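Notes for the structure review
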Amino acid sequence: MGKLMVSALHAVLVVVLAGTVFVQASMVWALANDPEDGSLPLTPLRVITILGMVSAQVALVCVWQLVTMVRRGTVFSHAAFRYVDIVIGAIVAAALVWFAVTALNAPGQRDDPGVTAIMGGIGVAILGVALLVLVLRMLLAQAVARDVEASQMQAELDEVI
């Protein structure tokens, strides 16, 4: 992975992280200053939004670490699994947060239950992303195992020569 690509990805991660912090700050401000008007349960939605942003931030920090490992050439190591596992957990947490939003929104959608079904489908899609990252984790595990095996074979070859 080239330096330009790493720098571009880091820039994107910084912008997204700044956006999540802005949303969190806005929600905290709204919790303190903006009263509910009764149309939606705003306080729980705001708290859930703050928690959802935390899950996104955790995933962003882990992706940053993984990109740094790629740049250093150390991503095919057991240390990478910790970050990948945390990303999977953050995605599952985001899905659970989304399901909570769906549940809070559902009573207001009695006349149009399709909205709740679509929101539930989005939650399932978020869980699908977690499964995709899990598959990629399995591929990383195979690559690490092959890398360890290649290192052992190289060491044996070096002893022979």
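Residues numbered from 1 in each chain as written. Predicted model: local features only at pLDDT ≥ 70, side-chain atom pairs only at ≥ 80, totals over all residues. Heavy atoms only, no water.

**Describing the overall build of the protein chain**
Spelled out, the test is: For helices the rule is a DSSP run of H or I covering at least 4 residues; for strands it is a run of E covering at least 2, with both sets numbered from the N terminus onward. Only C-alpha atoms enter the radius of gyration, while the globule expectation follows 2.2 Å times N to the 0.38, with N the number of residues. When a residue's accessible area, from a 1.4 Å probe over protein chains only, is under 20% of the maximum for its type it is buried; when over 50% it is exposed; and in between it is partly exposed. Should any heavy atoms of two residues lie within 4.5 Å, those residues are considered in contact. Using the Shrake-Rupley algorithm and a 1.4 Å probe, accessible areas are obtained, with residue cover drawn only from the displayed protein chains. Charge convention: Lys and Arg are scored as positive, Asp and Glu as negative, and His as well as the terminal groups of each chain are ignored. Every charge is mapped onto a representative atom, which is NZ of Lys, CZ of Arg, CG of Asp or CD of Glu.
Scanning the protein chain from terminus to terminus reveals four helices and zero strands. Scanning the protein chain from its N terminus toward the C terminus, one meets helices and strands in the order α-α-α-α. For 161 residues, the compact-globule estimate of 2.2 N^0.38 gives 15 Å, and the protein chain exceeds it by more than 25% at 21 Å. Taking the principal axes of its C-alpha atoms as reference, the protein chain extends roughly 80 × 30 × 20 Å. Split into buried and exposed, the 161 residues of the protein chain put 27% on the buried side. Pairs at least 24 apart in sequence give 70% of the contacts found in the protein chain among residues at least 6 apart. Total accessible area on the protein chain stands at roughly 10200 Å², and carbon and sulfur atoms take up 71% of it. Measuring between centres, the 8 positive side-chain charges of the protein chain sit 6 Å from its 11 negative side-chain charges.

**Comments concerning the packing of helix α1 (residues 3-33) against helix α2 (residues 42-72)**
Quick note on the threshold: The angle between two axes is taken between their N-to-C directions and runs from 0 to 180 degrees, where each axis is a line fitted to C-alpha atoms and a helix contributes only its stretch in contact. Orientation labels follow simple angle bins: below 35 degrees gives roughly parallel, above 145 gives roughly antiparallel, 65 to 115 gives roughly perpendicular, and whatever is left gives oblique. Crossings are assigned a handedness: left-handed for a near helix turned anticlockwise from the far helix by less than a right angle, right-handed for a clockwise turn. Residue polarity follows a fixed list, in which Ala, Val, Leu, Ile, Met, Phe, Trp, Tyr, Cys and Pro are nonpolar, Asp, Glu, Lys and Arg are charged, and the others, Gly among them, are polar.
Packing of α1 against α2 brings their axes to within 9 Å, and their N-to-C directions diverge by 160 degrees. The orientation of α1 relative to α2 falls into the category roughly antiparallel. In this structure, the crossing between α1 and α2 has a hand that is left-handed. When its residues are assigned to classes, the contact of α1 with α2 shows 21 nonpolar, seven polar and two charged.

**What to know about α2**
How we decide: Residue count minus one, scaled by 1.5 Å, sets the expected span of a helix.
Between its first and last C-alpha, α2 extends 45 Å over 31 residues, near the 45 Å set by a 1.5 Å rise per residue. Of the residues trailing α2, G73 is marked for its positive phi of about 80 degrees.

**Some details on the nonpolar core**
Short version of the rule: Remark: nonpolar core denotes a set of buried residues (Ala, Val, Leu, Ile, Met, Phe, Trp, Tyr, Cys) joined through side-chain atoms within 4.5 Å.
Counting 15 residues, the largest nonpolar core has L66, M69, A80, V84, V133 and L140 as its most contacted members. For this core, the secondary structure elements donating two or more residues are α2, α3 (79-105) and α4 (113-160). It is α3 that provides the largest number of residues to this core, a total of seven residues. Not counting chain neighbours up to four residues away, the residues in contact with L140 comprise V75, F76, A80, F81 and V84. The next biggest cluster of nonpolar side chains, apart from the first, holds five residues, and it includes L45, I48, V101 and M119.

**Concerning the confidence of the model for the protein chain**
To keep things clear, this is the line we draw: Confidence scores labelled pLDDT are given residue by residue by the predictor and lie between 0 and 100.
Chain-level pLDDT for the protein chain is 90 on average; 97% of the residues reach the 70-or-more range. Here α1 is the element of the protein chain with the lowest mean pLDDT, 91, and α3 is the one with the highest, 94.

**Observations regarding a nonpolar patch on the surface**
Note the following rule: Patches here: salt-bridge-free residues with over 30% relative accessible area, like charges joined within 9 Å, nonpolar side chains (Val, Leu, Ile, Met, Phe, Trp, Tyr) joined within 5 Å. For this analysis, a salt bridge means a side-chain nitrogen from Lys or Arg found within 4 Å of a carboxyl oxygen belonging to Asp or Glu.
A cluster of nonpolar residues, L132, V135, L136 and L139, forms a patch on the protein surface that exposes about 370 Å² of accessible area. Examined against the element boundaries, L139 turns out to sit in helix α4. Judged by relative accessible area, L139 falls into the partly exposed class, the value being 47%.

**Comments concerning the packing of α2 against α3**
Contact geometry for α2 and α3: axes closest at 9 Å, N-to-C directions at 160 degrees. Here α2 lies roughly antiparallel to α3, going by the angle between them. Along this stretch, α2 crosses α3, giving a crossing that reads as left-handed. Considered class by class, the residues forming the contact of α2 with α3 number 23 nonpolar, three polar and no charged.

**Some points on the environment of A155**
Here A155 shows up in helix α4. Residue class for A155 comes out partly exposed when judged on its relative accessible area of 38%. Each C-alpha atom of the pair A155 and T43 lies 61 Å from the other, and the pair is 112 residues apart in sequence.

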